[in-house]
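Residues per chain are reported as follows:
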Amino acid sequence: MPKNIPLINREVSWLSFNDRVLQEAADKTVPLVERIRFLAIFSSNLDEFYRVRVATLNRLSNINTKSKEILGYNPKKTLNQIKTIVVRQERKFNHLYEDDIIKELERQKIFIISERQMNVARGQFVREYFRNKVLSTLVPVMIDKDKPFPQLKDRAIYFFVKLTKNANKEKQKFALIEIPTDGSNRFIVLPETNNLKFITLIDDIVRYCLDDIFFIFDYDAIEAYSIQLTRDAELDLDRHVSEKFIDALSKSLQKRGKGKPMRLLYDSDMPLDMLTHLVAKLDLSADGLIPGNRYHNFKDFISFPNVGGPELEYPRIVPLPVNNLSSVSSIFAQIAKRDYLINLPYQSFDYIIHFLREAAIDPKVREINITLYRLAENSRVIHALINAAKNGKKVNCLLELKARFDEQANIYWTNRLEDEGIEVNYGMLDYKVHSKICLVSRVEKGKKVYYANLATGNFNEKTASLYCDHSVFTANPAITKELVKLFDGLQKKVFYRGFQNLVVSPLESRQKIYDLIEREIKVANSGKRAYIILKMNSLTDEDMVAKLYDANNAGVKINLIIRGMCCLVPGVAGFSENIEVISIIDRFLEHARVWIFGNNGNEEIFLTSADLMARNLDHRVEVGFPILDPLVKSEIRDIIDIQLKDNTKAREINQLNNNRYKRSRGKVENRAQIDIYTYLKYKK
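Residues numbered from 1 in each chain as written. Predicted model: local features only at pLDDT ≥ 70, side-chain atom pairs only at ≥ 80, totals over all residues. Heavy atoms only, no water.

Asks: Help me understand the overall build of the protein in this model?
Replies: From N to C terminus, the protein includes 19 helices and 27 strands. Against the 2.2 N^0.38 benchmark of 26 Å for 684 residues, the protein shows a C-alpha radius of gyration of 27 Å, consistent with a compact globule. For the protein, the residues scored as buried account for 58% of the 684 residues in total. For the protein, restricting intrachain contacts to residue pairs at least 6 apart in sequence, the fraction spanning at least 24 positions comes to 74%. Taken as a whole, the protein presents about 29,900 Å² of accessible surface, with 50% of it coming from carbon and sulfur. When the 103 basic and 88 acidic side-chain charges of the protein are each reduced to a single mean position, those positions are 2 Å apart. (Helix = DSSP H or I, 4+ residues; strand = E, 2+ residues; numbered from the N terminus. Rg over C-alpha atoms; globule rule 2.2 N^0.38 Å. Buried < 20%, exposed > 50% of the residue type's maximum accessible area, 1.4 Å probe, protein only. Contact = heavy atoms within 4.5 Å. Areas by Shrake-Rupley, 256 points an atom, 1.4 Å probe, with all protein chains shown as cover. Lys, Arg positive; Asp, Glu negative; His and termini not counted. Charge placed at Lys NZ, Arg CZ, Asp CG, Glu CD.)

Here you go:
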């Protein structure tokens, strides 16, 4: 581990990324319903952060006194720092929601009303709705001080209820009610009145009808405050299980909902006596207490209904066709002539489906090899593979069961594929297979010919409409022959070395990237122009940061486009004065990984599935690949140049870590995601 180099703590950097998401919710140029959805994304992100990263830090802080020496920082100190930042962000979140967005909704004649704002007609509607559709799903649990506190589910919403009579504390009782919601039924649109639109939440319907729940008790005051517990979601897998791995994973998943409590988000209006009683019953440190507003699981607001006009949402973009790539003629015949680039979501994922469907029915196709990480709920990719198997093709599918939070879905798809006779490889026990590659074997004139799709994002048609990724079709033997070797290794569960063109983790990626950086250093040392442009989700590997600092000190100009975590600190004399870092947060999630190296005037471009994180470089199967077709190469370069010019949605990553927007002196507004769509639309 390098010592004495400038670094931003990765957890702090992640929180800074989530703050950029919050900036989108605060941006008044963003359509109003989209701003609400950015609040939901912020909330969902934070949930996962506590379930994984904070859970890991808690485990590390409890190991022994050497954790600081091993990690290079004190996990307990970092946990305190996290709480300080999160509390500040939650205040900003609450202010945005309550003082800004709610008021803006009201200006649009849309009202989110609580139980205290029900008139007679709406109250009658709500009570009928409650009795017909909600009451039967509620089972309140009375809390007995002499019995163990009920087990709270991970991320479920509960009301902590206090029942009192005549303000007599001696006779007060406490209860818990789990609020029934799966996200889609969280919002109820009430009857419109005088062109005014009203929405209430299931939470407030339950609050309004508390007397219907506790009518058998003789109490004159009922108070209910929402709470949400987030648990440790890291899986404990026994590496020496003798039973089938899929069964071991299933059992471990069952334990996830009972993990150690990490965070208690509670309504900040909750009286102190109730909060004290609650905390005393839960195994939770002070770091895990986070005050919030009355609505938790705010991620459900991603489904907030737009009862106003279309201007309250982003207009739908129509995916563009790829120049000269027809979807009504053989895709293999077209790929045989040249490579093609699909830029998602600006261009259609249907090209990938077309590729798989044609492979499924083409009599010349013999075999399909594919790696899958995250899949859509009703995956057309899976259906195409099943059809291929039914048509007699050999289908080898490596489905990564350890894709975090998609494990259960991937177990389901594994069973579906196996039921259809498809050979499913569960991946490597100690290494996640995160590559996004597909190889089709076809017999032409008595010889095997290979066609490939390699991508920066998953074979997932749902996320392909939301994530910015690149996907390349090629029949270039320089790539396909090495994919044959790679898939052979994956089937045999061994790692091969010696790839000439592919950049493959876990054995070769790190050194190959070092070599590419070192080549730029040599060019700079010879007095020539040297540069590196890297785009990725996260840069956290400290040795890689140190290597980039070395390149900076040699005079290499470095531009980084990093959506999420960035541990590198730009603009520090003697380390990074030649390094500029931006982060683009906009309508679509920037997910592509692109490497560009000047190479003494013979520029090289790579696409990859890997971020520059230790896990991607050393503990996952990742695949990077050079762009060999000059037309594809030029298009990727143009897109990266557009992103580097963004002066609207790009933020500077700087020493202050303040997410300052990148602004230019010119009057021209450059917004990368809009400009890329325009570029592709009119490109000849």
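Resuming the write-up.
Asks: When you look at the packing of helix α15 (residues 509-525) against helix α16 (residues 542-553) in this model, what are you seeing that I'm missing?
Replies: How two helices pack is summed up by the angle between their axes together with the distance between the axes. The geometry of α15 relative to α16 is characterised by a closest axis approach of 9 Å and an angle of 10° between their N-to-C directions. With respect to α16, the axis of α15 lies roughly parallel. Along the contact surface, α15 presents R510, I513, Y514, I517, E518 and I521, while α16 presents D543, M544, K547, L548, D550 and A551. (Axes fitted to C-alpha atoms, helices over the stretch in contact; angles between N-to-C directions. Parallel < 35°, antiparallel > 145°, perpendicular 65-115°, else oblique.)

Asks: Please clarify how the packing of aromatic side chains should be interpreted in this entry.
Replies: Here the distance between the centres and the angle between the planes together describe a pair of aromatic rings. Going through the model one piece at a time under the given rule, you end up with 25 aromatic pairs. On the numbers, 3.7 Å between centres and 5° between planes, the contact of F298 with F301 is stacked. Considering the side-chain rings of Y549 and F575, the 5.5 Å spacing of their centres and the 65° angle between planes classify their relative orientation as edge-to-face. In this pair, Y549 is assigned in helix α16 and F575 in the loop between β20 (557-562) and β21 (579-584), connecting sequence segments 26 residues apart. For F575, a relative accessible area of 25% translates into the label partly exposed. These aromatic residues form a ring-pair network of at least three members: F42, F93, Y97, F187, Y295, F298, F301 and F304. Between R122 and the ring centre of F198, over which it is positioned, the NZ or CZ distance is 4.1 Å. Over the ring of F499 we find K485, and its NZ or CZ is 4.7 Å from the ring centre. (Phe/Tyr/Trp six-rings, centres within 6.5 Å; stacked < 30°, edge-to-face > 60°. Lys NZ or Arg CZ within 6 Å of the ring centre and 35° of its normal.)

Asks: Any chance you could explain the sheet that holds strand β18 (residues 503-504) here in plain terms?
Replies: Here eight strands make up an open sheet; going across it, the order is β18-β26-β24-β23-β19-β20-β21-β27 and the pairing mixed. The sheet is open, and its two edges are formed by β18 and β27 (650-652), each paired on a single side. Here two bridges tie β18 to strand β26 (residues 623-626), and the two strands are oriented antiparallel to one another. When the bridges of β26 are listed, V504 appears paired with V623. Sitting on the sheet, helix α18 (residues 630-644) is in contact with β19 (531-536), β20, β21, β23 (594-597) and β24 (604-608), with an inclination near 80° to β19. (Pairing = 2+ DSSP bridges.)

Asks: Explanation requested: α15 in the structure shown.
Replies: At 3.6 residues per turn, the α-helix brings residues three or four places apart onto the same side. With 17 residues, α15 should reach 24 Å at 1.5 Å per residue; the first-to-last C-alpha distance of 24 Å fits that figure. Among all positions of α15, only S509, R510, I513, Y514, L516, I517, E520, I521, V523 and A524 are buried. Packing partners of the buried residues in α15 comprise β18, β19, α16, β23, β24 and α17 (614-618). Within two residues after α15, G527 carries a phi angle of roughly 90°, on the positive side. (Expected span 1.5 Å × (residues − 1).)

Asks: Can you walk me through the sheet that holds strand β5 (residues 187-193) in this structure?
Replies: Consider a sheet: its strands pair through backbone hydrogen bonds, and that pairing is either parallel or antiparallel. Spatially, three strands are ordered β1-β6-β5 in an open sheet, and the strand pairing comes out mixed. Where the open sheet ends on each side, the last strands, each with one partner, are β1 (110-112) and β5. Here the average twist between neighbouring strands, direction ignored, is 25°. The pairing of β5 with strand β6 (residues 196-201) spans five bridges and is antiparallel. In the strand pairing of β6, I188 is matched with T200. Contacting β5 and β6, helix α5 (residues 120-134) runs over the sheet at an angle of about 150° to β5.

Asks: Could you clarify how one ought to interpret empty space enclosed by the protein in this entry?
Replies: Where empty space is left becomes clear once a probe the size of a water molecule has been rolled over the atoms. Taken as a whole and assessed by the stated rule, the structure comprises five cavities of 30 Å³ or more. Approximately 120 Å³ is the volume found for the largest cavity. Elements supplying a minimum of two residues to the lining of the largest cavity: α2 (32-63), α4 (75-107) and β8 (261-267). Counting residues per element, the lining of the largest cavity draws most heavily on α2, at four residues. Considering only residue class, the lining of the largest cavity consists of six nonpolar, seven polar and three charged. There is about 100 Å³ of room inside the second largest cavity. Around the second largest cavity, the lining comprises 16 residues; the ones closest to its centre are L344, F349, G457, N458 and D469. Of all elements in the fold, only β16 (447-455) and β17 (467-474) reach the threshold of two or more residues within the lining of the second largest cavity. (1 Å grid on protein atoms, 1.4 Å probe; cavity = no way out; pocket = protein on both sides within 12 Å on 5 of 7 lines; lining within 4 Å. Points joined across faces, edges and corners; volume = space filled by probe spheres on them. Nonpolar A, V, L, I, M, F, W, Y, C, P; charged D, E, K, R; others polar.)

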